[in-house]
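Take a look at the letters that make up each chain.
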Amino acid sequence: MTDPRPRSAPPVSGTQPQEADVLRHMLRSAGYLKALAFSALVGILVSLAAFWFLAALHELEHVLWTDLPEAMGRDTPPWWWPLPLLLFAGTAVGLIATHLPGAGGHVPASGLHTEGASPTALPGVVFAAVASLPFGAVLGPEAPLIALGSGLALLFRNLAQAPATPQSNALLGAAGAAAAVSAIFGNPLVAAVLLIEVAGVGGPQLFAVMLPAMLSTGIGALVFTGLGRWTGLETGDLTLKLYAQAPRLDLADVAWTLVIAVALAAAVHPLLAVARRIAAYVKSARHLVRTVQCALGAAVCACLYALITGRSPGEVASSGQATLAALAADPHAWGVGVLLAVLLFKGAAYALCLGSLRGGPVFPALFLGAAVGVLLAPLPGLGFVPAMAAGMAATAASTLRLPVSSAVLVILLLGSSAMMPVVILAAVVAFVVTELLPPGDTAPP
């Protein structure tokens, strides 16, 4: 039987209030409206801070890896260039982790999270990021940005002498972190989705609901598109016709996507387990010495790559954000040997930096996935774009264990929704395989 009450009617006395009533009551409360207004102000202030933080990192990296080698009369850094830079990075991070509050931020081997960011930890987070990222750490800036955004939001709240409650801490911390993350990804939607998953809103039930939904939409998009192509019939199209045609997906792309997703999930899992063991090794004793050891190990990986391939050591060092753009723009410039070498040495340096320095895991994972995609693109029926899309989605989902955020981020990077079915399939399959694999050692807090 149907409920005779109209949807707008209040619930019957004695029953639980409807979710709409709860939400309406919350939106009308003065405390929540003040929190929204303060979050808007936080968004402005945090975005300004994030912009200058990222600009400073970019300029310092350009000076260290471009301007100084050019001043020496070289087009690219010499093979030994990462050694002094990462020696400094390891020493600085080791000292910061030992002597400053917050230990310079959380160990990136533990993944992304919003916990532990406080105003007192901000100096250590900023100094550790500046000492790590421009000097060649194989990490991205997203983790320090999350800590910076949430810490600044709470600092502004304290300066404004606003009341501090667990709810306000969570709201403002999430607002500040989202504003900061949107600066690096250039899209507020990605930041919002990422923070929802990172903060664990909904717990395991979120993934239990989202995975079937993502999988069904991905497969449904393939079937729907295929029927239109095979029958020649039209149902109406809301897609804008752009000047460049995206490649069409076919059955071979889908089949190879599943293979790539499973293989990359199986490969990324032990790499992250090694990173967690390195983190435990660094923390167990002699924090400074062992941090320097790991940083120099990453530098040796970059040096060996440069000596073997004759290319720039910067392709292994640093986050890989710029190298990813170069790889996507001209994948034919990367031979099979170079791709194998960059996967081997950057993967090893990535694990060492995840366990010792400070930064985020996103961009190196995306680059490794894209490199695998380019390496496998010559397989029968597979193309460069679908292979790169599947590779990036699989490594991102396996590394972050955030399937929705990974899919949204990769689609944003591709600049087109044409590869959305492949991206969704790769993210879901890689996430499921990763979760089903035996859990490894957890990273130290």
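Refer to the structure above for everything that follows.
Below is a short write-up of the structure. (Residues numbered from 1 in each chain as written. Predicted model: local features only at pLDDT ≥ 70, side-chain atom pairs only at ≥ 80, totals over all residues. Heavy atoms only, no water.)

We now examine the layout of surface pockets. Where empty space is left in the structure can be found by rolling a water-sized probe over the atoms. In this structure, the second largest pocket encloses a volume near 760 Å³. Contributing to the lining of the second largest pocket are 27 residues, with His58, Glu61, Ser318, Ala322 and Thr323 lying nearest its centre. Taken together, the elements giving at least two residues each to the lining of the second largest pocket come down to helix 2 (30-71) and helix 11 (321-329). Looking at the lining of the second largest pocket element by element, the count peaks at 7 residues for helix 2. Of the residues belonging to the lining of the second largest pocket, the class tally is 12 nonpolar, 12 polar and 3 charged. (1 Å grid on protein atoms, 1.4 Å probe; cavity = no way out; pocket = protein on both sides within 12 Å on 5 of 7 lines; lining within 4 Å. Points joined across faces, edges and corners; volume = space filled by probe spheres on them. Helix = DSSP H or I, 4+ residues; strand = E, 2+ residues; numbered from the N terminus. Nonpolar A, V, L, I, M, F, W, Y, C, P; charged D, E, K, R; others polar.)

Looking now at the pattern of salt bridges. With the rule as written, the count across this model stands at 2 salt bridges. Two residues, Glu315 and Arg311, come together in a salt bridge whose shortest N-O distance is 2.9 Å. Using a relative accessible area of 25% as the deciding quantity, one classes Arg311 as partly exposed. Across the salt bridge formed by Arg401 and Glu435, the nearest N and O atoms sit 3.7 Å from each other. Of this pair, Arg401 sits in the loop between helix 14 (384-400) and helix 15 (403-414) while Glu435 sits in helix 16 (residues 420-436), and the two are 34 residues apart along the sequence. What makes Arg401 partly exposed here is its relative accessible area of 30%. (Salt bridge = Lys/Arg side-chain N within 4 Å of Asp/Glu carboxyl O. Buried < 20%, exposed > 50% of the residue type's maximum accessible area, 1.4 Å probe, protein only.)

Here we take up a nonpolar patch on the surface. Among the surface-exposed residues, Met72, Trp79, Trp80, Val300, Leu304, Leu307 and Ile308 lie close enough to one another that they form a single nonpolar patch of about 660 Å² accessible area. Accessibility expressed as a relative area gives 43% for Met72, which makes it partly exposed. (Patch = residues over 30% accessible without salt bridge, like charges linked within 9 Å, V, L, I, M, F, W, Y side chains within 5 Å. Areas by Shrake-Rupley, 256 points an atom, 1.4 Å probe, with all protein chains shown as cover.)

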